[in-house]
Each structure stands twice: as structure tokens, then as C-alpha cells.
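# Examination of the molecular architecture
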Amino acid sequence: MKVIQLGIGGMGETWLKAVQRSAEVAYAGFVEINDDIAREQAAAFNLDPATIFKSLPEALDKLNADAVIDVTPPQFHKANSLLALEAGLPVLSEKPLAGTAKDAQAIVAKVQETGIIHMVAQNYRYRPLTQTVKSVLETGALGAVGAVQAQFYKGPRFGGFREEMPHPLIIDMAIHHFDMMRLFLGSDPSEISARSWNPPWSWFKGDASATAAMRFENGVFASYSASWCSQALPTGWNADWRFDCEKAVMLVEDDVVTVQDLLRVTDRRGALANVHGKRRLVPLLEMEREGQDYLLHEFYEAVTKGKPVATSAQDNIRTVEFVFGVVQACDSGETVKLS
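Residues numbered from 1 in each chain as written. Predicted model: local features only at pLDDT ≥ 70, side-chain atom pairs only at ≥ 80, totals over all residues. Heavy atoms only, no water.

### Points about the overall build of the protein chain
For the record, the criterion: Counting from the N terminus, the helices are the DSSP runs of H or I reaching at least four residues and the strands are the DSSP runs of E reaching at least two. Throughout, the radius of gyration refers to the C-alpha atoms, and the reference size of a globule is 2.2 Å times the residue count to the power 0.38. Buried means the residue's accessible area, taken with a 1.4 Å probe over protein chains only, is under 20% of the maximum for its type, while exposed means over 50%, and partly exposed covers the values in between. Working rule for contacts: check all heavy atoms of both residues, and any pair within 4.5 Å makes them a contact. Only the protein chains shown count as cover for residues, and all accessible areas are computed by the Shrake-Rupley method using a 1.4 Å probe. When charges are counted, neither His nor the chain ends are considered; positive counts come from Lys and Arg and negative counts from Asp and Glu. Working definition for charges: the position is that of NZ of Lys, CZ of Arg, CG of Asp or CD of Glu.
Assigned secondary structure in the protein chain consists of nine helices and 16 strands. The C-alpha radius of gyration computed for the protein chain amounts to 22 Å, which stays within 12% of the reference 20 Å derived for 339 residues, consistent with globular compactness. Its C-alpha atoms give the protein chain principal-axis dimensions of roughly 85 × 45 × 40 Å. Here the protein chain holds 339 residues, and 52% of them are scored as buried. The contacts of the protein chain with a sequence gap of at least 6 include a subset with a gap of at least 24, amounting to 69%. Surface exposure of the protein chain reaches about 15700 Å², of which carbon and sulfur atoms provide 50%. On the protein chain, the mean spot of the 33 positive side-chain charges and the mean spot of the 42 negative ones are 6 Å from each other.

This is the structure:
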């Protein structure tokens, strides 16, 4: 399967490496508007400069491709996706689906109109840690989930468009953790309350810290506290998690998963008492493919064999609604209800 990749600098380099590792996907060509990046990446990855174009319409006119991988900033996702879908090409897009909820809805409408695959790269779903937590919850051994807490603290200095965004933490990073919440709970949020702020030392223009509380459709409550400009004591990229369940508590700390069971015993008087079991380590699952490698393989299987994808635009719109619901709650100071 031959693809056109839009954007080959920054995160685009991660996809260059993924495609070059793949035995299933190859390049038809590229789109890159920055001449310096085009020249540098062509040399670094042995790309044919004649296959690098300045625009998607030009690339579509000159190249014979089966699909598009969009690694451009979020504000360009709508235009790129609509062009590709109208040309009959499936799309694998970096998150978020689009830069605004309205643009994301326009993409979903075009997908429904054309019937062509559009997949979103929620790569955090396809990591051993995420799949391990999901697997433990799905066994039912912990009992019903009552509450979830997630904490994330990092201070990266990426530069570029992220530092200009109005809500860089929520739109660019927390989207991963919110999507993980949906995956873990098998449900979507129905109510959201949130606040955001920008610490005095922040290098972002928009709010880089936030806290949010959510009620999910299945009745589970969740909280999220995070900063994209934390000064020290960082968490892992996957965030730290606590799942308070009916029969146990599961913790994720620094990408280590542990469980402590709640044991119900009878005391000397015959009354039931709660005793904490020994905290036990949960080994991480092994995966044949992870992250972008997993997504690329799933995209290939969908395009060439018609297999369904988990992070289709039709499903991922709910993650987008989650993200912009948090943004709306931060900006309005009011509880946001999602239908």
C-alpha cells in the first residue's frame, strides 16, 4: 500500500520511521511546505526530493497513492481530510481529529457521505501499559469501577504551534488520557466540570494547567489533574492512575501496575470485616506491535482487507467532544452536559 505523508518534520519523523519499518506500507510521496525540513529529511531518510510537494492537490495530481497520512497541525486536518476523502483516499490522521469540534464534525459528515475510512492516531491506546490496564478491568476480577483518578505532570519545550494554542495541555496532550478513559471505562462522559490556568513561569500562551471532574454515562466518576509546564517530579507520559473498584484498587505509578485486593473476613464475633490483601504487581502484556506500528498495521488491514478500525472518525468524534467539553467548561466556569 502506497501512501502520501503530509508533514515530515516534528511528529512526521516518527511516522517516517514507522513506515520505513513496515513491510506492508511504502511511500508514494510527501507534502512539506518548509524547504529546509524537506531538504533535511530527504537526506536523513533517503527520500526522493522529486516526490516532495508543496501542497496536497499537487501531490494528488502527480502521484499514484492508496491512502494519506496527515501529520500536519490540527488546524489543517479538516481541509486535508476533505480533499483526500473527495479524491477517494482513506486517511490516517494524527490526533486531534481536527482543530475544532465543528471541523471534526465536518470530517465525520464527509466520511459518512463517502463511506471511506478515516482513522485517528490515538497511539496511547496501543501501548503495553494501556492494554494491561484494560485487560485487568475486563476480567471483572476487581468488581465494578466506582471512581478513576488520573494525574499527569510534564514540562516539555516543543516550540512551534503547541506554544500558541489556547489550551495546549487539554487539546494536545490530555486528549490521549481522555481517550484512554473512554477505552478503560467503555463509556463516554455525560457531565464535565473543569478549570484551567497558566502558571507565572509558563512558556505557553494558553492555559497549560488544568483540573477536571467528569461523570460518565455508566455512572463512574473520574478526575484529572495535569500540567504541561510542570517544573519537577514528572509523571510518566501515560499518566498515573487510580481505579477504586468494588473488590480492589488498581494503581498505575511510573508505568508500573499494582493491585491491592479487599478481603472480606469474619472476625471473632462473626461480623464481616475488611482486610487489605498484599499489594501485587501486574506484569505488562507483550505486544507484537505498539503505538504507530500498531496503528499503521491496523490502517493497512482496513484499507486492503476491509477490517474495522477502533479509532475511526465516527468513534473518535466522542473523544473530540470530550476534549472540547473540557475546554468549554474551563472557559465558561459552568458544568457542561454532553448528549
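Still more ground to cover, so stick around.
### Quick notes on the packing of aromatic side chains
For any pair of aromatic rings, the description consists of the separation of the ring centres together with the inter-plane angle of the planes. Filter applied, for reference: Working definition: rings of Phe, Tyr and Trp (its six-membered ring) pair if their centres are within 6.5 Å, and the pair is stacked with planes under 30 degrees apart, edge-to-face with planes over 60 apart, and tilted otherwise. Working rule: Lys NZ or Arg CZ, within 6 Å of ring centre, within 35 degrees of ring normal, means a charge sits over the ring.
Overall, the coordinates contain 13 aromatic pairs when judged by the stated rule. Seen from their ring centres, Tyr 27 and Phe 30 are 4.5 Å apart, and the 50° between their planes marks the pair as tilted. In this pair, the class of Tyr 27 matches that of Phe 30, namely buried. On the basis of an interplanar angle of 65° and a centroid distance of 5.0 Å, the ring pair of Phe 178 and Tyr 224 is categorised as edge-to-face. Taken together, the positions of Phe 178 in helix α7 (residues 168–185) and Tyr 224 in strand β10 (residues 221–227) put the pair 46 residues apart, joining distant regions of the chain. As far as the burial class goes, Phe 178 and Tyr 224 line up, both buried. An aromatic cluster is defined as three or more aromatic residues linked by ring pairs; in this entry it consists of Phe 152, Phe 158, Trp 228 and Trp 237. Across from the ring centre of Phe 158, 5.0 Å away, lies the NZ or CZ of Arg 162, which sits over that ring.

### Comments concerning unusual backbone geometry
A cis amide bond links Lys 95 to the next residue, Pro 96, at an omega of -10°. Of note, Pro 96 is situated in the loop between β5 (91–94) and α5 (101–114). The backbone phi angle of Asn 46 is positive, close to 55°, even though this residue is not glycine. By the secondary structure assignment, Asn 46 is in the loop between α2 (35–45) and β3 (52–53).

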